[in-house]
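Each chain is listed here by its residues.
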Amino acid sequence: MKVLLHMCCGPCSTYPVQELMNEGIDIQGYFYNPNIHPIEEHKKRRENVEKFSKIKNIPVIYDDDFRQSEWEEMKDMGEARCFHCYSVRLENAAKLAVEQGCDGFSTTLLVSPYQKHDLIKELGEKYAAQYGTAFLYRDFRPGFRQGQQLARDMELYRQKYCGCILSLPVK
Ligand code: SF4
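Definitions and limits used
- Residues numbered from 1 in each chain as written.
- Predicted model: local features only at pLDDT ≥ 70, side-chain atom pairs only at ≥ 80, totals over all residues.
- Heavy atoms only, no water.
- UniProt positions renumbered as here; feature names shortened; annotations may be inferred.
- 1 Å grid on protein atoms, 1.4 Å probe; cavity = no way out; pocket = protein on both sides within 12 Å on 5 of 7 lines; lining within 4 Å.
- Helix = DSSP H or I, 4+ residues; strand = E, 2+ residues; numbered from the N terminus.
- Buried < 20%, exposed > 50% of the residue type's maximum accessible area, 1.4 Å probe, protein only.
- Contact = heavy atoms within 4.5 Å.
- Near = heavy atom within 4 Å.
- Sits in = over half its atoms within 2 Å of the grid points.
- Nonpolar A, V, L, I, M, F, W, Y, C, P; charged D, E, K, R; others polar.

On the UniProt side, "binding site: [4Fe-4S] cluster" (unreviewed entry) is annotated at positions that read Cys-8, Cys-9, Cys-82 and Cys-85 here. For the largest pocket, the lining residues drawn from the annotated set are Cys-8, Cys-9, Cys-82 and Cys-85. Mapped onto the secondary structure, Cys-8 falls in the loop between β1 (2-6) and α1 (10-22). Look at Cys-8 and you get buried, because its relative accessible area is 9%. If near-sequence neighbours (up to four positions away) are discounted, Cys-8 is found in contact with Phe-31, Asn-33, Ile-36, Arg-89, Thr-108 and Leu-109.

So, in structure tokens, the structure goes:
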């Protein structure tokens, strides 16, 4: 079984990749996160996905779309902006899974206890149905701490905020 795995960053990829590999799943990675700002941070997270995927020998498709101004315009939307943020990424993952001939897709966002887990599941299933593929749902959250330790062991960069410019801590 081949699955397209949307990867939000290196540290969040560690545990889901380990688990999916243990299930015997063939992984095609996909880095597509136009929500990560500023550009230096986007590059850093991309580089760490690259570093991690080389260690694990996983092929990854990189899309360097970057849309800081779009997120800046959502400053009055509060947390509703996350709906758009997940939608954009999961819809593209669903489309690419079909194009790549994968049996389905999933996302490393499912490992984070800080994300809106149920919403990610709902949107993943919605886009799977829309594009005629499957959303491989897993609750990876029990492995979050283990994944962070794996990231430390691999000396991956571990960010301090979710991603968009609106989630960036004010100094
Ligand atoms: S807080 Fe995180 S999930 Fe929400 S819009 Fe920003 S980057 Fe996306």
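So, on to unusual backbone geometry. The linkage connecting His-37 with the following residue, Pro-38, adopts the cis geometry, with an omega of -10 degrees. Notably, Asn-57 is not glycine yet its phi reads approximately 60 degrees, a positive angle. Mapped onto the elements of the fold, Asn-57 is located in the loop between α2 (39-56) and β3 (60-63). Classification of Asn-57 as exposed rests on a relative accessible area of 69%. Phi angles above zero are rare outside glycine, and Glu-155 is one such case at about 55 degrees. In this fold, Glu-155 is placed in the segment after α6 (144-153).

The next point concerns the site of the ligand. Surrounding the ligand, one finds Asn-35, Trp-71, Arg-81, Cys-82, Cys-85, Tyr-86, Gln-115, Cys-162, Gly-163, Cys-164 and Ser-167. Placement of the ligand is best described as lying within the largest pocket. Taken together, the residues of the shell around the ligand break down into six nonpolar, four polar and one charged.

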